[in-house]
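Examination of the molecular architecture
Listed below, chain by chain, are the residues.
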Amino acid sequence: MPRYFTEDHEWIEVDGQTATIGITDYAQEQLGDIVFVEVPAAGASLAKGKEAAVVESVKAASDVYSPVSGTVTEGNAALEDDPALVNTAPEGDGWFFKLTVSDAAELEGLMDEAAYKDFVAGL
Amino acid sequence: MNAPNMSGWKPGTPQAPEGSDGVHTVTGNRGLMLEEPLVFEIGNTETTGVDFPSPLTLAGGAGGGPDTGSGSTPTADSSRVREGNRLGGLDRSESFGLPGLSEPETVRHYTRLSRQNYAIDCGIFPLGSCTMKHNPRLNEKVARMPGFSDLHPLQPESTVQGALGVIDELAHWLVSLTGMAGVAMSPKAGAHGELCGILTIRAALEARGDARQVILVPESAHGTNPATAAFAGYAVENIPATAEGRVDLAALEARLGPDVAAVMITNPNTCGLFEREMKAISDAVHAAGAFVYCDGANFNAVVGRVRPGDLGVDAMHINLHKTFSTPHGGGGPGSGPVVLSEALMPFAPLPFVRKTDAGFDLIEEEDDAAAPQSFGRMAAFHGQMGMFTRALAYILSHGADGLRQVSGDAVLNANYILRRCEDVLDAPFGATGPCMHEALFSDAGFAEGVATLDLAKALIDEGFHPMTMYFPLVVHGAMLVEPTECESKATLDQFIMALRSIAERARAGDESLHQAPQLAPRRRLDETLAARRPVLAWEG
Amino acid sequence: MRYLPLTDTDRAAMLDVIGAPSIDALFADVPADLYLDKPIEGLPLHASEMAVERHMRALSKQNLAAADAPFFLGAGAYRHHVPASVDHLIQRGEFLTAYTPYQPEIAQGTLQMLFEFQSQVARLFGCAVANASMYDGSTACWEAITMAGRVTKRRKAILSCGLHPHYVSTAQTMARFEGHGIDYALPTLTAETDFAALADKVDGETGCVVVQYPDILGRIGDMTALADACHAAGALLVAVVTEPVALGALKSPGEMGADIVVGEGQALGVGLQFGGPYLGLFAVRDPRHVRQMPGRLCGETVDAEGKRGFVLTLSTREQHIRREKATSNICTNAGLCALAFSVHMTLLGEKGLRALAAENHRLACLAADRLAQVPGVTALNEAFFNEFTLVVPCDARQLVRDMAGKGVLGGVSLGKFYPDGQGRENSLVVAVTETVTAEDIECLAATLQECLA
C-alpha cells in the first residue's frame, strides 16, 4: 500500500478509498513525550490542509492537518488511554485517524518515503 | 484516573528513599527539611480548630424548633417563631469528607509546607518579566486597617468615602505617572486589564461604526496578548521583529490597513529592550485608524522616566504587583488598572469613582446617564481594593523622586549582570546597547546535550531561584534575568559568581547538570506522568 | 529610600563595570525629547513609614467598618469570623512572597496547598475536579459559560433571574463581544426560584443554564429536575455559589447534577476587603471535562527519586502555551486568597463547617421571624440559608441610607441593582452570619421600625 508524507510531518497510507493518517517518527521525536492526543470523531468531514487533530506534549500543543480531504471513518481510540503509542509506534499503532478519501488527485502533491527522508535531512 | 506510581514514597510512610548525600532517615525528614503529608491524610471529619458559642447541630427538617442556642434570644414573640429549619428539604445529609485539624496542627501543617517554598523573602528571585521585588510590610499593615479590610462593597457611599478616596488618590498617581487621560481601576489582574483595554478599543471602534477584525501582536509578546485578543473576538497576526530584537516598523507599516483594530506592544519589550521607534509606531498606527495597546508588564523599568502617554499609547494595563510591589502570593491575586487616552476614556468600563464637591460617587450600571458609552461591567464590585491600599502605600513611600530611583536602580542592576556575564553567556542583543530592567541570554555556546533547563536547575542547588526560561520565544533557550532594584550589590555579586560558574560547566558539557537540583525538597518532577495520568484531587 | 539597598558608592562602582557615565545614560534608547530628567512635578516626594501610615489611617477613619455597626450586608460578599491563625499563616513570607510555582522543586509548599485546595473545593461542591482558582465569582461564572460553549458547541446561555446582577452584567458585557446569546429576565418577587420555568426554556440550542444557589434573593431550590432537563437537551447546568458556607448545611450542586459549579470563595478566610481581591472557585462534576477547564491545575506526580510531589499540569490549555487558542486568557489566579480559604477550611473541617452553617441558619431564622414582626414588613422567602428578602413599604435605597445615618448597616437594597420602578426597589436583602448578635438583630428591628414610621 502506498504511503505518502507531508511537509508538516504527517504520513498517509492509502488502501483503495480508505486512508490511515498519523505523524512521523521525526515529528514525535521533535515533540518529546506525548501526553494527550485529540482525534476527530467518525463522520467528521475534513478539508486538505485544515486542522484535524491535536497532539500535546507537556509544554507544547500542535495541530495535525489532514493531508487530503475526506470523511473520517474512525479515530484511534487507543490513543486516549495510551498517548505514548505516538512515541513508541508513530507510524504503526500510534496512527491518528482513518478517512474515506474524497479526491484521490490531492495525493499527487505529497512526498514519497525517499523524498520525505531527503526533506527531513535538509531541516 | 489512577494515582501515578503507587510505589512513589510519600510523607508519613516509612522507607523514604536515601538522600542524594547518602544519608538515610526513616521519616524522610532531613533535619530542618520536614516532610508533610496531605491534610486529607492527617485530618478527619471529627476534628475542628474552631469553636462556636452554641450547640452545634442543625434542627431537623420536620419538628424540633430552631435551636435558640445558649446566647440571649431576641425579644420576639416566641409564638410566632416558626418550627424546623427553613432549608426547603435540601439538607446536606451525606458526609462530604472534609478533613479538619486543631489549631496547633493547622499552624504546623502550613508552616511546614511554607518551608518547602522559595520566596523573595529568602533571596533573589530573578524572574524576567515577572518582577519579583520586595513586598514592604507597611503595605500589609495598611491593607489590614479595619477601615479598609472590613468594608462591604455594597455599603452606602456615605460610609466608604475614605475607601473611594484611596481609589481616587491611586488613580491620580497612575494617570500622572503615565501621562494618560484617565484610568479604569476595576480589572482584577494583568490579563484582565489587557481584556479591558482591548474591549475599550473595540467599543470605541464600534461607536464609529468601524468593524475591524485583526489585532497585530509581536512574536515576542506575552502569551496573554494573543489569548486576550482572541478572547475579545479578534483574529491575531504576528508582527516580525528586527535582528535587534525590536518591532520591525517597516513590516508593521506594510501590514497596517483598514482591517487592523489595534497593535499590542510591550514596551520595554520582553527582550528587555526599549522600543526606540515607539512614537513612530504609534503615529503609523493612528494614521491607519487603529489604536495602540501597550502591555505595561514592564512599566517598572521606566516609571518616573518615561510617560507612555508621550509615546502615543492609547491603553496600557499596570500590574500593581510588578511595578508597585503588591505581593505575588504564590500566583495572585493581581490587579490590573488600565490607563486610557482621551479618545478611549468615554468607553471605559463600570464602575468608576467620580469626584464631586460633596465627596466621591461610585458610578455603576444604574447611572446610565453618567456613562452612556461605557462598554459595561467586567467583574462584580469595584476592583482589587486590598491591592490598591498596598500599592498606594508603596507609591507614597517612594514618592515621585523615589519611583524614578526605582527604575534607575532596576536598570542599573540588570546592566551590571549583563556586562559581568556576557563573556560566559551569549547575550543576543548585548551589542546593541544597554538593556532595560532585564538581561537576556541564550543557550548558544552550551555544549551539546546541555540545556537552559539544566542551568536553571543548577541555580536551585546554589540557593537561587532560577530566571525565566524559554521566554521570550524568539530567542533559543532564552534566559531572562530580572534582578529588580531591591537587590544589593553584594547579592548580585554572589548571584553572578554562581551563574558564571554554572555557565562554564554548561559550556564544558558537565553531565552532572542533568541531575540538578540535588539539594532541593524534591528532585526533578515527572511532568509527563502528571499530564498523562492526571490526579487533580485527593481520592483516598 | 528604605526599600533601595544600593548606595551611591555601589552605583558608581557598577556604572564603572558597565562603562556608562550615569544611570541616565542607560536609558539612551529613549528618545531625548521623551525622557524625563527629573521627578514629575506636582507629585509628593518620598515619605517615611510613619508619615505614610498616618496618611492611610486618616483615610481609613473616613469609613464605617463592618465591625463597628450592626451589620447585615450580603448579596455576594459575606462577613464571617476569620480565625487569627489564617491571617498569620498567609503572611508567612514563603507563601506571601513566592511566585507562581513554575519551579516545582522549590515550590512544593504552594503546590501541595493548591492540591489540597482543589480537593477541598471539589468535595464542598460535590464535584470531581476543581482548578487552582480564578479572579472571583463573577469572572468564574463567565468562564463557565464559555466552557459550556466549548463542550456543547452551542453559544446560548439561559441565566436564572436569581443570578447576582453583577454576574449578569459581566456575562452580558462579555457575551456582547464574543457573540454568545444571553437569555435573562429580571427577577420577580416570589418565594420560589425560577428553576422550573428555566427547565421549560431549555432547547436544542441551549449551551447552558446558569442558576445561583442560594440566589440573589436568598432563595434555594432543588436543581435536580433542571439538571435532568438540561442533560436531556444536551446542555450543561452551571451552578453559582456565592456563599460557600451554605454548603455546610445544603446539598451540593454536584449532588443534584450540576455539571460546572463555580463560586465566590471570599466568605471563607478572605474577608470583605471592599470587594477584592476575592476568590473564584471553579469545579466540574465529570472529569472528562477537565481539558476544557480554564485556569491553572495542580496535579500529583513523583520526583526522580520516587517521592510524591506536585506540579502545575495540563498547561497546554493555557495562554502561555496555546496563546490565541487557549481556553482563557487568565494567567494570575488568586493564590493567596486560595491559601486563606484552604487554611480556614482545614481549621473548620466538615464538623466545623456544619456547625458554622447551622449557626448562620439559626440566627437567620431568628432574624427573619423578628424582622417580619416590624409593621409593614413581610418576609419573601419560604426557604433560605443565611440571607432572605424583606418587602418594605417604601424605596429601600433611601431606607438603607437612613439606617446608615443611624449607624446600622441594615442590608442591601434591591433598588441598587434594579432601579426600574417595578416594585423590586421596595425590597431589602438581609444577610445574617455568625458575627451577628441577638442585640444586633434587635437593633435592626428597632431601627427599621423607626425609619419606616
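As annotated in an unreviewed UniProt entry, chain C carries the name Probable glycine dehydrogenase (decarboxylating) subunit 1 and comes from Croceibacterium salegens. Of the comments in the UniProt record for chain C, the one headed Subunit (unreviewed entry) reads "The glycine cleavage system is composed of four proteins: P, T, L and H. In this organism, the P 'protein' is a heterodimer of two subunits." According to its UniProt record, chain C has this under Catalytic activity (unreviewed entry): "N(6)-[(R)-lipoyl]-L-lysyl-[glycine-cleavage complex H protein] + glycine + H(+) = N(6)-[(R)-S(8)-aminomethyldihydrolipoyl]-L-lysyl-[glycine-cleavage complex H protein] + CO2".

Under the annotation held in an unreviewed UniProt entry, chain A carries the name Glycine cleavage system H protein and is attributed to Croceibacterium salegens. Reading the Subunit (unreviewed entry) entry of the UniProt record for chain A gives the comment "The glycine cleavage system is composed of four proteins: P, T, L and H." On record in UniProt, under Function (unreviewed entry), the comment for chain A is "The glycine cleavage system catalyzes the degradation of glycine. The H protein shuttles the methylamine group of glycine from the P protein to the T protein."

A word on the domain arrangement of chain C. Residue and element names in this part refer to chain C. Domain boundaries assigned for chain C yield domain 1 (69-81 + 349-452) and domain 2 (84-345). Taking only C-alpha atoms into account, the centre of domain 1 sits 27 Å from that of domain 2. The partner domain 2 presents 34 residues to the 33 residues of domain 1 that form the contact. Where domain 1 abuts domain 2, roughly 2600 Å² becomes buried across the two surfaces, and 66% of that area is made up of carbon and sulfur atoms. The tally of links from domain 1 across to domain 2 stands at 0 salt bridges. Going through the elements one at a time, helix H11 (335-371), strand S11 (387-391) and strand S13 (427-431) are the ones with two or more residues in the side of domain 1 that touches domain 2. Tallying contributions element by element places H11 first for the side of domain 1 that touches domain 2, with 6 residues.

In this section: the packing of aromatic side chains. Going through the model one piece at a time under the given rule, you end up with 15 aromatic pairs over all chains. On the basis of an interplanar angle of 10 degrees and a centroid distance of 4.8 Å, the ring pair of Phe5(A) and Tyr116(A) is categorised as stacked. Note that Phe5(A) is positioned in strand S1 (residues 3-5) and Tyr116(A) in helix H4 (residues 113-121), a separation of 111 residues in sequence. Owing to a relative accessible area of 6%, Tyr116(A) belongs among the buried residues under this scheme. Centre to centre, the rings of Phe375(B) and Phe177(C) are 5.9 Å apart; their planes meet at 75 degrees, and the pair counts as edge-to-face. Note that Phe375(B) is positioned in the loop between strand S9 (359-363) and helix H11 (385-421) and Phe177(C) in helix H7 (residues 165-178), a pairing that runs across two chains. Phe177(C) carries the same exposure label as Phe375(B), and that label is buried. Ring pairs connect the aromatic residues Phe5(A), Tyr116(A) and Phe119(A), which therefore count as one cluster.

As a further point, take the confidence of the model for chain C. Residue-level pLDDT values for chain C average 95, and 100% of them are 70 or greater. Across the interface, the model reports ipTM at 0.97; the global pTM reads 0.95.

Attention shifts here to the interface of chain B and chain C. Each side of the interface is counted separately: chain B has 228 residues, and chain C has 202 residues. Interface area for chain B against chain C, summed over the two sides, is near 18500 Å², with a carbon-plus-sulfur share of 63%. Broken down residue by residue, the surface that chain B buries against chain C is led by Arg92(B), Phe231(B) and Leu536(B), which jointly contribute 5%. Close ionic contact of Glu255(C) with Arg92(B) constitutes a salt bridge, the shortest N to O distance being 3.4 Å. Linking chain B with chain C are 97 residue pairs in polar contact (both at pLDDT 80 or more), by the criterion used here. No other element matches H11(B), which puts 27 residues into the side of chain B that touches chain C.

Here we take up the interface of chain C and chain A. Between chain C and chain A, the residue contacts involve 5 residues of the former and 11 residues of the latter. Of the roughly 630 Å² buried between chain C and chain A on both sides combined, carbon and sulfur atoms contribute 45%. By the criterion of area lost to chain A, the three top residues of chain C are Arg291(C), Thr316(C) and Arg322(C), representing 61% of everything that side buries. Taken together, the links from chain C to chain A amount to 1 salt bridge. Counting the contacts that link chain C with chain A gives 2 residue pairs in polar contact (both at pLDDT 80 or more). Looking at the side of chain C that touches chain A residue by residue, the class counts come to 1 nonpolar, 1 polar and 3 charged.

Attention now moves to unusual backbone geometry. Residues apart from glycine generally show negative phi values, whereas peptide bonds are mostly found in trans. Omega for the peptide link from Ala516(B) to Pro517(B) comes to 0 degrees, which places this bond in the cis form. Residue position: Pro517(B) is located in the loop between helix H13 (489-508) and helix H14 (527-532). Cis geometry marks the peptide bond from Gly276(C) to Pro277(C), where omega comes out at 0 degrees. Along the chain, Pro277(C) falls in the loop between strand S6 (260-264) and strand S7 (280-284).

Before going further, it helps to spend a moment on helix H9 (residues 278-287) of chain B. All names here are of chain B. Within the span of H9, buried status applies to Met278, Ile281, Ser282, Ala284 and Val285. End-on view of H9: buried residues confined to an arc of 165 degrees, all on one side of the axis. Summarising the contacts, the buried residues of H9 are in contact with helix H8 (249-255), strand S4 (260-266) and strand S5 (291-295). Two residues or fewer after H9 comes Gly289, characterised by a positive phi angle close to 85 degrees.

Turning our eyes to something else, we now look at the environment of Asp68(C). Mapped onto the fold, Asp68(C) is located in the loop between helix H2 (49-60) and helix H3 (84-90). Distance in space between the C-alpha atoms of Asp68(C) and Thr437(C) is 13 Å, their sequence separation being 369 residues.

Attention now moves to the environment of Phe388(C). Residue and element names in this part refer to chain C. Mapped onto the elements, Phe388 comes out in strand S11. Given a relative accessible area of 1%, Phe388 falls into the buried group. Along the backbone, Phe388 and Val432 are 44 residues apart, and their C-alpha atoms lie at a distance of 8.8 Å. Ignoring anything within four residues of it in the chain, the contact list for Phe388 reads Leu217, Ala364, Ala367, Ala368, Leu371, Asn381, Leu428, Val429, Val430 and Val432.

For the rest of this paragraph, the subject is the side chain of His180(C). Examined against the element boundaries, His180(C) turns out to sit in the loop between H7 and strand S3 (181-183). The residues touching His180(C), leaving out its near neighbours within four places in the chain, are Trp142(C), Ile145(C), Thr146(C), Arg155(C) and Ala175(C).

A few words on the UniProt feature "domain: Lipoyl-binding" (unreviewed entry) in chain A. The UniProt record marks residues 18-100 of chain A with the feature "domain: Lipoyl-binding" (unreviewed entry), using the residue numbering of this structure. As annotated, residues 18-100 of chain A comprises 18% helix and 42% strand, and the C-alpha atoms at either end are separated by 5 Å.

Further remarks concern the UniProt feature "modified residue: N6-lipoyllysine" (unreviewed entry) in chain A. Those residues carrying the UniProt feature "modified residue: N6-lipoyllysine" (unreviewed entry) are Lys59(A) in this numbering. Residue position: Lys59(A) is located in the loop between strand S6 (51-57) and strand S7 (61-65).

Residue and element names in this part refer to chain B. Spatially, the 7 strands line up as an open sheet ordered S1-S7-S6-S5-S4-S2-S3, and their pairing is mixed. Unpaired on one side and paired on the other, strand S1 (182-184) and strand S3 (235-239) mark the two borders of the sheet. The average angle at which neighbouring strand axes cross in this sheet is 25 degrees, direction not considered. In this sheet, strand S7 (residues 338-340) lies alongside strand S6 (residues 315-317) in antiparallel orientation, the contact comprising 3 bridges. What sits directly across from Met316, in S7, is Val339. Sitting on the sheet, helix H6 (residues 190-207) touches S1, strand S2 (214-218), S4, S5, S6 and S7, and the angle it makes with S5 is about 175 degrees.

Conventions used here
Residues numbered from 1 in each chain as written. Chains lettered and ligands numbered in written order. Predicted model: local features only at pLDDT ≥ 70, side-chain atom pairs only at ≥ 80, totals over all residues. Heavy atoms only, no water. UniProt positions renumbered as here; feature names shortened; annotations may be inferred. Domains from an automatic or database assignment. Contact = heavy atoms within 4.5 Å. Buried area = accessible area lost by both parts, 1.4 Å probe. Salt bridge = Lys/Arg side-chain N within 4 Å of Asp/Glu carboxyl O. Helix = DSSP H or I, 4+ residues; strand = E, 2+ residues; numbered from the N terminus. Phe/Tyr/Trp six-rings, centres within 6.5 Å; stacked < 30°, edge-to-face > 60°. Buried < 20%, exposed > 50% of the residue type's maximum accessible area, 1.4 Å probe, protein only. pLDDT = per-residue confidence, 0-100. Polar contact = N/O pair within 3.5 Å; in protein donor to acceptor, adjacent residues only side chain to side chain. Nonpolar A, V, L, I, M, F, W, Y, C, P; charged D, E, K, R; others polar. Arc of directions from axis to C-beta. Pairing = 2+ DSSP bridges. Axes fitted to C-alpha atoms, helices over the stretch in contact; angles between N-to-C directions.

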